[in-house]
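Summary of structural features
Below are the chains, spelled out letter by letter.
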Amino acid sequence: MLYPERLHQLTKEHADTVAALVCGLFLFCGWFALHLGFLGWALLLLPIAYVIGGYESAREGLTTLIKEKELDVDLLMIVAALGAAGLGLWRREYYLIIDGAILILIFAISGALEGYAMRRTERSIQSLMSLTQDTARVVRQDKEEVITIAQLQLGDEIIVKPGELIPTDAVIIEGYSTLNQAAITGESLPIEKTVGDEVFAGTLNGYGALKLKLHQPPESSLIQRVIRLVQQAQTETPPSQQFIERFERGYARVIVLAGVLLLILPPFLGYWDWETSIYRALTFLVVASPCALMAAIMPTLLSGIANGAKQGILFKNGSQLEMMGKVRAIAFDKTGTLTTGILEVCEVIPTSEYTKDDVLKAAASVESRSEHPLGEAIVKAAKNLDWTAATEVKAFPGQGIIGIVNNQEIIAGKDDFVKNYVVDLPQNLIEIASKFELQGKTVVWIGENEEETGTEGQGDAGKRSKEDTVRRSKGDTVRRSQQDAENVSSASPPLPIPVSPPDSITASSSLSASYQVLGIIAIADTVRSQAGTTISHLKKLGVEQIVMLTGDNQQTAESVARELGVDRVYAELLPEDKLHVIRRLQQEYKTVAMVGDGINDAPALAQASVGVAMGTAGSDVALETADIVLMADRLEKIEVAMRLGKRAQAIVKQNITIALGFIVLLLIGNFLGDINLPIGVVGHEGSTVLVTLSGLRLLKN
């Protein structure tokens, strides 16, 4: 049940939709009353439908006429509807009032769709605003205080604690951490930041506390620029829309002028008397009204939208369905769009003394105590293996991690980090790792100390015999007892681990012959299985250029592009850079689609001729900004959307030809005096029904 406050809010936010629904209700009731012979009730209900449904169109039409001295279709429809009603009352042909009410209803529905588009724009801006902090923690006169963002001044020192959002663009002056910049740059991995690096508002701080210095006004921050770019791109009127508006106004002027001439000239020229001239002029307004032309487009597009919805494609704007059939170039975001956005272990290469399972188990033992995305990917890959969570874990940010497993020290990290422990890295693994890195994969090196550390207090896991250790080093798997598995397992909750700064490796980590490499693990953001096939099919459909846009590094981007058959690659881009690329593509190819999922894609999605967002992986702002949403993140549905767009384009052209043909025939018949008003209405409504049924063909797959 709707409470009065909720009902008031709904009617306020969706007044145009409510008006269209009420107009349709009174129209139906008036028609039903007329059908039953209750003329009084019909003449009461139908004018109410006229007023409720036509108020907004009449207001806009009169405003345009008075302020801009221009006629538009809104005013023409009101005149045509009132003309039909007047003729119905004058000649007592009351069903003509129904015809006028139908014209009013069509325009009321159009106004509701326009209002929805405006509200969608406002929601997309509000979604962006939710990423911005209202306050910041600053240090003034050696004291911390929380102030609003508007009170920040250049040079202010800002404190950001672990897990907090960065309040505004600034430069790090103290501290070390990793920042999740996926919302802004689209990078799939958290980025390591230290003194001297710039950080962006709306990005998420990792484990380290940071002290920042404000080097530019908060209103100049990257997220604020993104908000302004979305506003600008969504409010710009594309050339096609400008042409439609000019055509509507030109058409209205021609029809009104012709109607006035038809009303005045024939009596003076002696062709018709005044009654006949008025009758023919009003008939002209009815048969010349663009109702059939409107029906030639909207039912087709709405059918295409319904068809798409059944297949998991949400079209937010009917015109974008038709536009999708004209796309000549498509730009894809990489992370979360062409790729899954989820890091996974793709290769495990052990040394000759070990197996892949040995490498994964050793890595998972120490990484299970880490919250780094790379560690999470390793633990996930080893979930079906039997391993023991490490103790005495120490993390070296940006380098690696060390822990004790079964009285032995396990190390995992970059090659430079592992070199602090291992005398010589195996040359064959160095070559393989280089190849992986050229493919855009991240390589984690795994090593161990063969000598027991003698650490006490590790429970059953620390009491393994030297014989067990030797056997494990030769690649044999030692199964723990059921009691061991219950006491110490991979499901152990993460414990707080000490974090050491990058330069804290001490002499205790000196090179030793007792350390050796177990193997390497390659981790990458995996490409979607259907991405390559989709790109191939899009090219067969006539797409001339497939482009990839990403905030990732050039090497990773080019590796993914080669795998998928992408024509162009633009890497290391900020949101505004993606927007500029879309604009350049539009200059070259005119109609350009953009497919993305992140906040950083929002400006480009808004600027593109057609913006497509991934429904499951997509951020709120991307979903709000885009014109099309792929509800199940199925990339191959872009091909389906293009085919629907091309079919819609063809059907719309057919319907326009039919509608114009009927209008021309009816106009000729009206001038020759061979049709009366009922025949004109039948012809007008008949053409409308015909093109409507034609548009419904798009409901079929």
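Please read these numbers as outputs of a predicted model, since none were measured by experiment.

**Observations regarding the overall build of the protein chain**
Helices and strands together make up the secondary structure of the protein chain, namely 24 helices and 22 strands. Within the span of the protein chain, comprising 701 residues, buried residues form 50% of the whole. Considering only contacts in the protein chain between residues 6 or more positions apart, those separated by 24 or more positions represent 69%. Within the structure as shown, the protein chain displays about 32,700 Å² of accessible surface, and the carbon and sulfur contribution to it stands at 58%.

**Remarks on the pairing of strand 14 (residues 400–405)**
The side chains of a regular strand alternate between the sheet's two faces. Counting buried positions along strand 14 gives 6 out of 6 residues, so the element sits mostly inside the fold. Both faces of strand 14 are covered, namely the face carrying Gly 400, Ile 402 and Ile 404 and the face carrying Ile 401, Gly 403 and Val 405. Note: strand 14 against strand 15 (residues 408–413), 6 bridges, orientation antiparallel. By the bridge assignment, Ile 402 is partnered in strand 15 with Ile 411. In textbook terms, the turn of a hairpin is the stretch between consecutive antiparallel strands, and for strand 14 and strand 15 this stretch comprises 2 residues, one of which, Asn 406, has a positive phi near 55°.

**Description of the nonpolar core**
By size, the foremost hydrophobic cluster in this structure holds 39 residues, and its most contacted members are Met 324, Ile 330, Phe 332 and Ile 638. Sorting elements by how many residues they give to this core places helix 23 (residues 637–672) first, with 6 residues. With sequence-adjacent residues up to four places away left out, Ile 638 is seen in contact with Met 324, Ile 330, Phe 332, Leu 538, Val 595 and Leu 630. Within the second largest apolar cluster, 27 residues are counted, among which are Val 366, Ala 395, Ile 521 and Ile 523.

**A short note on helix 15 (residues 427–438)**
Relative to the 16 Å expected for 12 residues at 1.5 Å per residue, helix 15 spans 17 Å between its end C-alpha atoms, a close match to the ideal helical length. A positive backbone phi angle near 85° is found at Gly 440, which sits one or two residues after helix 15.

**What about the confidence of the model for the protein chain?**
Mean pLDDT over the protein chain works out to 78, with 77% of the residues at or above the 70 mark. Contacts for the low-pLDDT stretch residues 455–512, under 50 throughout, to residues beyond four places or in other chains number 91 contacts.

**Observations regarding helix 12 (residues 356–367)**
Compared with an ideal rise of 1.5 Å per residue, which puts 12 residues at 16 Å, helix 12 spans 16 Å between its outermost C-alpha atoms and is within 8% of the ideal. The buried fraction of helix 12 amounts to 10 of the 12 residues, a majority that puts the element mostly inside the structure. Taken as a whole, helix 12 has its buried residues at Asp 358, Val 359, Leu 360, Lys 361, Ala 362, Ala 363, Ala 364, Ser 365, Val 366 and Glu 367.

**Here we look at the packing of aromatic side chains**
Overall, the coordinates contain 6 aromatic pairs when judged by the stated rule. Here Phe 28 and Trp 31 contribute two aromatic rings whose centre-to-centre distance is 6.0 Å and whose plane-to-plane angle is 35°, an arrangement assigned as tilted. Residue Phe 28 and its partner Trp 31 are both found in helix 2 (residues 15–36); the two are separated by 3 residues, about one turn of the helix. Since its relative accessible area comes to 35%, Trp 31 is described here as partly exposed. Ring geometry for Tyr 421 versus Tyr 515: centroids 5.4 Å apart, planes at 55°, classification tilted. Remark: Tyr 515 occurs in strand 17 (residues 515–527) and Tyr 421 occurs in the loop between helix 14 (415–418) and helix 15; sequence separation between them is 94 residues. Judged on exposure class, the residue Tyr 421 and its partner Tyr 515 are both buried.

**A few points about the packing of helix 12 against helix 13 (residues 373–381)**
Relative orientation and spacing of two packed helices are given, respectively, by the angle between their axes and the distance between those axes. Orientation of helix 12 relative to helix 13, taken along the N-to-C sense of each, is 130°, at an axis distance of 9 Å. The angle between helix 12 and helix 13 falls in the class oblique. Once helix 12 is placed against helix 13, the crossing between them reads as left-handed. Each of Leu 360, Ala 363, Ala 364 and Glu 367 in helix 12 lies in contact with helix 13, whose residues at this interface are Gly 375, Ile 378, Val 379 and Ala 381. Of the residues that constitute the contact of helix 12 with helix 13, the class distribution is 6 nonpolar, 1 polar and 1 charged.

**Looking at the sheet that holds strand 7 (residues 198–199)**
In sheet architecture, strand pairing relies on hydrogen bonds along the backbone and comes in two forms, parallel and antiparallel. Reading across the sheet, the 6 strands line up as 2-1-3-9-4-7 and stay open at both edges, with antiparallel pairing between neighbours. Of all strands in the sheet, those bounded by a partner on one side alone are strand 2 (143–148) and strand 7. With 6 bridges connecting them, strand 1 (residues 135–140) and strand 2 associate as antiparallel partners. Residue pairing across strands places Val 138 opposite Glu 145, the latter belonging to strand 2.

**Some words on the sheet that holds strand 6 (residues 191–193)**
Spatial strand order, 6-5-8: 3 strands in an open sheet with antiparallel pairing. Each edge of the open sheet is held by one strand with a lone partner, namely strand 6 and strand 8 (204–205). Sheet analysis places strand 5 (residues 177–180) next to strand 8, joined by 2 bridges and oriented antiparallel. For Leu 179, the partnering residue across the bridge sits in strand 8 and is Asn 205.

**Let's talk about the pairing of strand 3 (residues 157–160)**
Bridging between strand 1 and strand 3 involves 3 bridges; their strand directions are antiparallel. Looking at strand 3, one finds that Arg 137 is bridged to Ile 159. Where strand 3 meets strand 9 (residues 210–213), 4 bridges bridge the pair, whose relative direction is antiparallel. Bridge assignment links Ile 159 to a residue of strand 9, and that residue is Lys 211.

**Notes on the pattern of salt bridges**
Evaluation of the coordinates by the stated rule reveals 14 salt bridges. In this structure, Arg 140 and Asp 156 form a salt bridge, with 2.7 Å as the shortest nitrogen-oxygen distance. One end of the pair, Arg 140, is in strand 1; the other, Asp 156, is in the loop between strand 2 and strand 3, with 16 residues separating them in the sequence. In this structure Asp 156 comes out as buried when scored by relative accessible area, which is 9%. Close ionic contact of Asp 601 with Lys 578 constitutes a salt bridge, the shortest N to O distance being 2.7 Å. With a gap of 23 residues between them, Asp 601 in the loop between strand 20 (592–596) and helix 21 (602–607) and Lys 578 in helix 20 (residues 575–589) connect regions that are remote in the sequence. In this structure Asp 601 comes out as buried when scored by relative accessible area, which is 0%. In the salt-bridge network here, residues are joined through shared partners; they are Arg 137, Glu 144 and Glu 164.

**Some words on the side chain of Gln 216**
Residue position: Gln 216 is located in the loop between strand 9 and helix 6 (222–235). Assessed through its relative accessible area of 18%, Gln 216 is described here as buried. Polar side-chain contacts of Gln 216 include one of 3.2 Å to the side chain of Asp 169. Excluding residues within four positions of it along the chain, Gln 216 makes contact with Leu 154, Asp 169, Glu 198 and Ser 221.

**Examining a nonpolar patch on the surface**
There is a patch of nonpolar side chains on the surface, built from Phe 28, Trp 31, Phe 32, Leu 36, Phe 38, Trp 41, Leu 44, Ile 48, Val 51, Ile 52 and Tyr 95 and spanning about 1,100 Å² of accessible area. Broken down by secondary-structure element, the contributors of at least two residues to the nonpolar patch are helix 2 and helix 3 (39–67). With 5 residues, helix 3 is the largest single contributor of residues to the nonpolar patch. Take Leu 36: it is sitting in helix 2.

**Considerations on the packing of helix 2 against helix 3**
Put simply, helix 2 and helix 3 touch, their axes get as near as 8 Å, and they point 160° apart. Between helix 2 and helix 3, the crossing angle belongs to the class labelled roughly antiparallel. Judged by the sense of rotation from one axis to the other, the crossing of helix 2 with helix 3 is left-handed. Contact with helix 2, carried on its side by Ala 19, Val 22, Cys 23, Phe 26, Leu 27, Cys 29, Gly 30, Trp 31, Ala 33 and Leu 34, involves Leu 39, Trp 41, Ala 42, Leu 45, Leu 46, Ile 48, Ala 49, Ile 52 and Gly 53 of helix 3 and no other residues of that element. A breakdown of the residues in the contact of helix 2 with helix 3 according to their chemical character gives 17 nonpolar, 2 polar and no charged.

Conventions used here
Residues numbered from 1 in each chain as written. Predicted model: local features only at pLDDT ≥ 70, side-chain atom pairs only at ≥ 80, totals over all residues. Heavy atoms only, no water. Helix = DSSP H or I, 4+ residues; strand = E, 2+ residues; numbered from the N terminus. Buried < 20%, exposed > 50% of the residue type's maximum accessible area, 1.4 Å probe, protein only. Contact = heavy atoms within 4.5 Å. Areas by Shrake-Rupley, 256 points an atom, 1.4 Å probe, with all protein chains shown as cover. Pairing = 2+ DSSP bridges. Core = buried A, V, L, I, M, F, W, Y, C linked by side-chain atoms within 4.5 Å. Expected span 1.5 Å × (residues − 1). pLDDT = per-residue confidence, 0-100. Phe/Tyr/Trp six-rings, centres within 6.5 Å; stacked < 30°, edge-to-face > 60°. Axes fitted to C-alpha atoms, helices over the stretch in contact; angles between N-to-C directions. Parallel < 35°, antiparallel > 145°, perpendicular 65-115°, else oblique. Left-handed = near helix turned anticlockwise from the far one by under 90°. Nonpolar A, V, L, I, M, F, W, Y, C, P; charged D, E, K, R; others polar. Salt bridge = Lys/Arg side-chain N within 4 Å of Asp/Glu carboxyl O. Polar contact = N/O pair within 3.5 Å; in protein donor to acceptor, adjacent residues only side chain to side chain. Patch = residues over 30% accessible without salt bridge, like charges linked within 9 Å, V, L, I, M, F, W, Y side chains within 5 Å.

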